[in-house]
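# Notes for the structure review
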Amino acid sequence: MKKKFITKKLKSKKKIKVFFVIFMFFIGIFISYKNLEKSKIEITDKDLIEMVVSNSFNNDNNFLEKLVNQSLKVSNPIKLLNKNYQKYIPNVKYEEKTVKEEESPLIYIYNSHQTEEYQSSTYAEFSINPTVVMNDYILEDIFNKNGYKTLVEERSIKEVLNNNKWKYVNSYKASRIFLEDVIVKNPSLKYFIDVHRDSLKRDKTTITIDGKDYAKIIFLIGTDNSNYHSNLDLTERINNKLNEYYPGLSKGIYKKGGEGVNGVYNQDFSPNTILVEMGGYENTTNEVLNTSIAFSRCFMEAINE
């Protein structure tokens with residue numbers, strides 16, 4: 001009887017130990033979560049791209065650690081961190097055509113829908129969510145390196161919508177405010193690129209070319225504005241280059257107009273305004289990076305002609 005009692009007591013102690021270990025494990029997780037939440041580590045698109053293109057961080061295994069330790073605000077794609085970005089940047093300077101180094105900004109890149117996201121990163125603890133704004137800074141870096149001085153819009157569309165009590169459908173109205181403002185401050189601007197992301201599934205927005213995966217491109221042209229033909233001409237030249245160098249990457253030019261649709265998309269603002277959608281919500285950062293590089297090459301060739 002005494003032996004059974006002792007055995008029961010030992011089993012009971014063992015259960016208490018197991019329960020205590022499990023309890024402490026979950027307490028540890030909870031404390032870690034709260035500490036991460038308090039730290040509010042965020043990295044903006046611009047900070048991340050600047051770090052990625054910095055030679056001092058290329059091929060550095062401790063890149064992420066250094067990035068976080070510098071207390072940058074981080075909110076974007078971690079997969080870019082593993083890229084040796086520099087070697088992919090195309091150089092479109094021809095011997096027979098001299099590209100003038102622009103002293104004043106020539107290209108303005110913005111996003112009427114800034115919050116459109118790509119495939120989420122697995123690094124949830126760093127709140128890393130790749131958005132279309134990422135594309136802006138990739139394009140800016142490439143254009144600037146090739147002598148086409150570029151501005152990227154960093155002001156918040158959401159803030160404009162909230163301040164004016166506008167709904168999301170008024171996003172183009174909000175980005176128009178930025179367009180009107182930026183041209184006053186930078187009258188040298190000639191090209192305006194509104195970068196978006198498609199809402200289709202991966203099988204409709206992805207293509208493999210020469211063993212490399214790309215996020216497909218589609219252009220949208222509003223037909224209900226006075227600059228329709230000139231904007232269409234520029235878009236067709238870019239699209240033709242894409243078809244030449246990257247067959248299948250572009251899904252073509254989608255024209256929208258008539259009753260019940262926008263038909264303008266701020267393309268009445270300039271004869272050189274384009275709206276390009278790169279990939280969809282299931283595309284990865286690397287696929288979008290490949291597409292941004294391909295687009296930049298074709299864009300520069302088109303305006304250099």
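Scroll up to find the structure this text is about.
These remarks concern the structure in this document. Computed from a predicted model, the values in this text were never measured in an experiment. (Residues numbered from 1 in each chain as written. Predicted model: local features only at pLDDT ≥ 70, side-chain atom pairs only at ≥ 80, totals over all residues. Heavy atoms only, no water.)

### What to know about the overall build of the chain
Of the regular secondary structure elements, the chain holds 9 helices and 8 strands. When burial is assessed residue by residue, the chain has 47% of its 305 residues classed as buried. Expressed as a percentage of contacts within the chain between residues at least 6 apart in sequence, the contacts between residues at least 24 apart total 78%. As displayed, the chain has an accessible area near 16800 Å², and 52% of this comes from carbon and sulfur atoms. (Helix = DSSP H or I, 4+ residues; strand = E, 2+ residues; numbered from the N terminus. Buried < 20%, exposed > 50% of the residue type's maximum accessible area, 1.4 Å probe, protein only. Contact = heavy atoms within 4.5 Å. Areas by Shrake-Rupley, 256 points an atom, 1.4 Å probe, with all protein chains shown as cover.)

### A word on the packing of helix α8 (residues 228-245) against helix α9 (residues 285-304)
Packed helix pairs are specified by the crossing angle of their axes together with the interaxial distance, meaning the distance between the axes. As a packed pair, α8 and α9 sit with axes 8 Å apart at the nearest point and diverge in direction by 125°. In terms of orientation, α8 lies oblique with respect to α9. For the pair α8 and α9, the sense of crossing is right-handed. Here Leu-234, Arg-237, Ile-238, Lys-241, Leu-242 and Tyr-245 of α8 come into contact with α9, specifically with Ala-294, Phe-295, Arg-297, Cys-298, Phe-299, Glu-301, Ala-302 and Ile-303. Split by residue class, the contact of α8 with α9 holds 10 nonpolar, no polar and 4 charged. (Axes fitted to C-alpha atoms, helices over the stretch in contact; angles between N-to-C directions. Parallel < 35°, antiparallel > 145°, perpendicular 65-115°, else oblique. Left-handed = near helix turned anticlockwise from the far one by under 90°. Nonpolar A, V, L, I, M, F, W, Y, C, P; charged D, E, K, R; others polar.)

### Side note on unusual backbone geometry
Backbone geometry places Asp-210, a non-glycine residue, at a positive phi of 50°. Of note, Asn-266 is a non-glycine position whose phi angle comes to about 65°, a positive value. Of the residues examined, Asn-266 reaches a relative accessible area of 7% and is grouped as buried.

### Some words on the sheet that holds strand β6 (residues 217-222)
Reading across from one edge, β2-β1-β3-β8-β6-β7 is the order of the 6 strands in this open sheet, with mixed pairing throughout. On the outer flanks of this sheet lie β2 (150-152) and β7 (250-256), each paired with one strand and no other. Taking the axes of each pair of neighbouring strands and ignoring which way they run, one obtains an average angle of 25° across the sheet. The sheet contact formed by β6 and β7 spans 5 bridges and is parallel. If you follow Ile-217 over to β7, its bridge partner there is Ser-250. Together, β1 (107-110), β3 (191-198), β6 and β8 (273-280) form the strand contacts of α9, whose direction differs from that of β8 by roughly 160°. (Pairing = 2+ DSSP bridges.)

### Details of the pairing of strand β5 (residues 212-215)
As defined by bridge partners, strand β4 (residues 206-209) adjoins β5 across 4 bridges and the pair is classed as antiparallel. The partner of Thr-206 across the bridge, within β5, is Ala-215. If you look at the hairpin formed by β4 and β5, you'll find 2 residues sitting between the two strands, and Asp-210 has a positive phi there, around 50°.

### Regarding a nonpolar patch on the surface
A contiguous nonpolar patch, built from Phe-23, Met-24 and Ile-27 and spanning about 250 Å² of accessible area, is present on the exposed surface. On the secondary structure map, Ile-27 appears in helix α1 (residues 2-39). (Patch = residues over 30% accessible without salt bridge, like charges linked within 9 Å, V, L, I, M, F, W, Y side chains within 5 Å. Salt bridge = Lys/Arg side-chain N within 4 Å of Asp/Glu carboxyl O.)

### Concerning the pattern of salt bridges
All chains considered together, the criterion is met by 12 salt bridges. The partner of Asp-141 in a salt bridge is Lys-145, and the shortest N-O contact between them spans 2.9 Å. One end of the pair is Asp-141 and the other is Lys-145, both in helix α4 (residues 133-145) and 4 residues apart, which spans about a single turn. The buried category is assigned to Asp-141, whose relative accessible area is 14%.

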